[in-house]
Structures are given as structure tokens and as C-alpha cells.
Amino acid sequence: LKAGQENKSEQPPENPKDTKKKSKKLEKVKEAEQPVAKETDDGEHVKEGLSRLQETDSDFFKFLQENDPELLNFSGDDDDSGSEGSSGEENEEAEEAGGQGEEQEEEGAEDQAQEEDEEDTGVSASIPVTPALLEKWEVRLQKNSLPSWRQLVKAFQAAVATARGDDGEGLKYTIIDPDLVNKVIVMCLESSGSVLKEVLGENPTASPRWAKVKLSLKAYLTSLTDLLGLLTSDDVLCAVMRHCKTMLPYYAAFSRLIKKYVKGHIAVWGSKSDISRVVAFTCLQALGKKIPSFLGDLLKKLYVEYTKCSKAMNAKSRDNIVLMRNCLVELFKINPSITYTTGFLYIRQLAVTVRSVVVSKKEIESVYNWQFINCLHVWVSVLSDCDVCLQPLIFPLIQVMLKVLDLHTSPCYYPLHLHMMRMMLHLSSCTDKHIPLVHPLLTCLNFCATQNKAPASKPIDLTCVLKVSKGYKKTKAYQDGVFDLTFELILNYMSQLSKSIAFPEATFPLTIWLKKFNKSCNNSKYSTQIKQILEKAEGVTRDITDRRSGVSFSPKDLDEVAKWEGGLPESALTKFFNSWRKVHRTVLAASKTEEGEPGDEEEEDGEGEEEGDKDESGEEDEDEDEPPKKKKKKAKSEDKKGKKEKKPKGKKSKQTVTEEFEDMGDHVEDIVLSD
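Rules used in this analysis
Residues numbered from 1 in each chain as written. Predicted model: local features only at pLDDT ≥ 70, side-chain atom pairs only at ≥ 80, totals over all residues. Heavy atoms only, no water. Patch = residues over 30% accessible without salt bridge, like charges linked within 9 Å, V, L, I, M, F, W, Y side chains within 5 Å. Areas by Shrake-Rupley, 256 points an atom, 1.4 Å probe, with all protein chains shown as cover. Salt bridge = Lys/Arg side-chain N within 4 Å of Asp/Glu carboxyl O. Lys, Arg positive; Asp, Glu negative; His and termini not counted. Charge placed at Lys NZ, Arg CZ, Asp CG, Glu CD. Helix = DSSP H or I, 4+ residues; strand = E, 2+ residues; numbered from the N terminus. Core = buried A, V, L, I, M, F, W, Y, C linked by side-chain atoms within 4.5 Å. Buried < 20%, exposed > 50% of the residue type's maximum accessible area, 1.4 Å probe, protein only. Contact = heavy atoms within 4.5 Å.

Undergrad: Describe a positive patch on the surface, listing the residues and the values that go with them.
TA: On the surface, a cluster of positive charge is contributed by Lys214, Lys218, Arg256, Lys259 and Lys301. Of all the secondary-structure elements, those providing two or more residues to the positive patch are α11 (210-228) and α14 (255-271). Take Arg256: it is sitting in helix α14.

If you want it as C-alpha cells, here you go:
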């Protein structure tokens, strides 16, 4: 305390001027706090002050008369008029504010609805959707009301949850009646496009209302994509996918939703009916064209899905695999540069698989399977009608396919060899690249030189088989099927060479071997057909030799050679091949109308025999002349059933085996999917 008193005593005394200033400030604060006098009292005081001014200060009064006479004529009406003027201005401002409020009423409603959206995430009690509520929304949606569309999106989420079988916890609305579920879905599909187009315009993310619509739009697109996996009806599924296609500009604003969009449509493309597959493909094709940056990932995912769906081949699944293959080919045509990188990756992967089999010599099943063959078929179709930048991939693909033929030369695998040679002939005809196939063709033909004496058995469709058992290899039905397919491929190969100036030299080894085959063959049917090829080939050889004898250019003048070959007429071999195909197509069509598609029993028999020999290796084929005992018993039992009934069936199947293989190739060439 003493120290505090000493400090106070040490402080200097306050200045009297400072005390006066403080007192004046306090007086002003008090005057400001006092209530303001009434306007009438102020007017009277002013009048009294002016009247006294003439007596107290006459000089100042004269100065006012000369300079400001209006001040001496002061009256209280001026204040009233001023107050009225100020009140009028206030009214005008109020009217202007009211007009602006009407203009911003809709935006305020949207803001309020958006706040409700954010608050509804934690709603505990759900509101049931009723027909009256749907009618109310429908009326407002005719005017493209955004708040009503937001509420409809919440109801749509509840409808999808009901279809999924969820309780719908955390959702604002609940729907129990299935009819209301359908109505909500249909209402969303019909109204969403017009509402979003009016609110967001052509460029959604650039719209000033994008921030207000973003949350509801994301929820709607998520539920819409989830709905694809819940539908079973093809008509409804196609309608939803077409609506998803119209929503692509809005999907593009959400990268995660694009991946979900692709996943949902690929699942439909790989598992549903043909109509649904085509619609799903058009949606994916539109995505690839709309968002080019996502095309590479899209092609890889589609290719992987195709490999999963092509692990098995039979008469029922063949059409689906051909359809998926053509869809892939159409998508690969969108951007050749992306196709080159993707093709390089997967063709190299196929080559590495073949190389691993060549090195190990134990994993031949990793190459000799339908999945590997169908993958090769995709790239053959892509490169058959390709851009210039894709042509460097043709040679590696041919090398891979030729190496596949050399992995196993057992007659059990001749169906696979015929598949490979057919694909290579198709690639050769489309790209004008010569592929040497004389040796593999003659290998299959020599198998038919000596007639098999094994007991007769039911023929199988070789177009859906890659390998047959040792017992079935010795049957007459298998030999006939191999000869029919080989005869077709030899005729096709020679007809392609008939357009070349080097036809006589290119076909000389083949004609020599065909003549030897005719001498050693003890089957008159085979010899007759081979003789037809030899006669046509000799005629084409004489014609080309006569035509080129008068040319002045040498073989190194490639431009002149190409020009000369372009002027050649259609050869006799080509005419014979085309007429042969037409005849066999008519036979195939007639057999389908009479007997229908190949029976399931035939396919099961062939598949069973093939499965029975899955574990056989190439070394076991050395003693394959002795079929297993089980196979012999089966053949004898089949022989006892009656030869009269089986002979007509065998004949019909011999005539149509080649055509079924032909028909599969025609699907690849003829089906074209585009916008």
C-alpha cells in the first residue's frame, strides 16, 4: 500500500485544460443520450429566436435580410414537406426492393430446397410416396420446376432401394407399392432430360446453377447406374440404357460415375440378350466418342470381358461371341493410334504365351483353347480392315499364328489347325499379304488319303471343336469332316493366288502334291473333287502364262505389276469357288429348315470325347493306333443300334459341316455395327 501511494504521489497533477475537454465530451454524450424534442416544438423555438434577433442584434438581422431572406421566412410546413418527400423516397425504394424480391423468388426457393437436401441426409422419419404427391410433382415438372425435380430424385433413390430389397434407411421417402416404384422410375426418365437441359444448358459445368444442381444430379446418376444391374426385362433395360446415353454430358462431369457407367454397361454387354447387348454397345460407343481420353481404358475393359465370355464355344454361344467380336472391331476403328497401342500390348501378350509353351513344352493347353483362338480372331478382324498405322502389327500376328500351327501336329488337333488357316486366309485376302499355307493344308489333306476303317459313329460339328479323341480320330465321319474343310480352304487359297501374276510358280508345288494325292487316294469322292481343282488351276495357269508373255516390265517393277494384276478378269477358280459357296449355303439353309440347328446330343458326344482326352500329351500320340477299350465298346454299342438310321444322318452332316464353318466366317464379315 505504501508503494502504491508513493507511485500515486509521484504522478504529475492533471492539466486543467484536459479536464475541461473531458467535461465537454461528457456533456455532448449526455445531450446525445437525451430524447429528441418534437418537431413542432423545434419550429416554435426557431420562430421566437428569429423575432428576438432583430432586437438583440440588428446588424446581423439586416445581413440575413440581404443575403438569405428565406431563412427569416421559416415555417414548420417546410419540415413537413421534407418529411413527406423522404417518406416518398422510402416508398419508392420499398417498391423497387419488392420487384427484385419477386425476381429472386425462384432462386430463393432453389436455395431453400438445396438447404433441405443437405439437411435431409440425417432424416429419421421417412415420408411415404402417395399418388397425390406424384400428381403434384408431375404438374410442377411440366413447367420444369427444379425443386420438384429434386424431390423426385429422392423418391427415385427410394424406388431403386426398394427394387434392390434394401430398407432405405437415411432416405427421405419410402415406397412400398410396386406400381408407385414403376411410376417414379418412368417419371424420372421422362422429365429429367428436359429439366436439366433448361436449368444447365448445353455445357452443364459452365452453368451458374451448377453448384445448386450438382448434389442432386450426382445422386440421380448414381441410382440410375445401380438400376441397370437390377432389371430383368429387356424392354425396360433398353429404355434405361438409352436414357443413360442421353445423360452422357452429365456423366462426363463426374469421373467416378463414368467408371460406374462403363462397368454397368459392360456387364449387360457380356451377359444379356442380343438386343440388350447391342444397346449397351451403342452406349459404350457413344462414350468412347464423347470422351476420347477414356477410350483406351474402355477398350481394355471390353477386351477383358470378351476373353471371359469366349472361354467355351458351341452352337448356342457362337452367335453371341461373334456379335461381341464385331462390337469390339467397331470400337477399335474409332481411334487408330489408341488401337495400335492396345493391339501391340495384347498381341505381344499372345506371343509371350506361345513362347512359354515352346520353351516348356508342357503347357500346350494354355494356347490350344477357345479363349486364345478367339483373341486371335479379334485381331485378325481388326487388322483385316485397318488404317495404315496398324499395318506393322500384321506381320507379328501372322508369325504368332504360324507358330501355333507348329506346336502340335497330331490329327486330333486338326480342327484347331483348320480354324487357324481359315483366319489367316481371311487376313491374307483383305490385306494382300501372302501367307505360306501349302504345308499345313497338305498335312490335313494327306490324313484323308487312306480310308479309315473304324466303326461308324455319330458326326460332330467340327466348327465348335478344337480337339477330338483318339478313338474318334479313326472314324469315317471325322475324316469326311476334315476333308470337306480342307477342300474349301485349298480352293480359297488357290482362288486368291489366281489374281497374282506369279500364279503358275506359286501353285506349282501344290498342284504336284494334289496329283500325288489323287494317285494314292482310294476314295472316289475325294479324288473327283481334287480333280476339279486341278482342272481349274491348269486353265488359269495357261491363261496367265499367255497374258504375261507379252509384257515389257520385269518383276521388280512393282507398280507395273500391280497395274497389270488389276486388269485381270475374274478367274475360273474364283468363279468356281463362288458358285461352290452358294450351293453349299443353300444346302445348309435347307438342312436347317428340315432338321433345325445341330442337336444338343451331337455336341455333348463330341465334347465328352474331347474332355476325356484333355490330359493327353503329344508323346502319348505315338501309340494312338490302339484306341482305348472304352471307346471300342461305345462304338460297338452304337453299331448295334441300327445302321439304317445313322447313315442318312451322317450323309446330311457331311454335306453341311463345311457350310457351318463357312457361315461362322460370314457373320464376321457381314455384320456391321455403327451409329
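After that view of the structure, there is still more to cover.
Undergrad: Describe the nonpolar core, naming the residues involved and giving the relevant values.
TA: In this structure, Trp149, Leu217 and Met420 are the most contacted members of the largest nonpolar core, which totals 168 residues. Considering every element that reaches this core, the biggest residue donor is helix α24 (residues 476-497), with 12 residues. Among all residues touching Trp149, those that are not within four sequence positions of it are Leu141, Ser191, Ser192, Val195, Leu196, Val213, Ser216, Leu217 and Tyr220.

Undergrad: Give me the pattern of salt bridges: which residues, what numbers.
TA: Inspection of every chain in the model, using the stated rule, returns 10 salt bridges. Among the salt bridges present, the one from Arg548 reaches Glu505, with a minimum N-O distance of 2.6 Å. Of the two residues, Arg548 sits in helix α27 (residues 524-548) while Glu505 sits in helix α25 (residues 503-506), which places them 43 residues apart along the sequence. Taking the shortest distance from any N to any O, the salt bridge between Arg547 and Asp543 comes out at 3.3 Å. Residue Arg547 and its partner Asp543 are both found in helix α27; the two are separated by four residues, about one turn of the helix. Accessibility expressed as a relative area gives 39% for Arg547, which makes it partly exposed. Its relative accessible area of 36% is what places Asp543 among the partly exposed residues. One continuous salt-bridge network, built from bridges that share partners, spans Arg164, Asp166, Asp226 and Lys260.

Undergrad: Outline helix α22 (residues 438-446), listing residues and values.
TA: Along α22, the positions that sit buried rather than exposed are Val438, Pro440, Leu441, Leu442, Cys444 and Leu445. Buried positions along α22 lie against α20 (394-407), α21 (414-431), α24, α26 (508-520) and α27.

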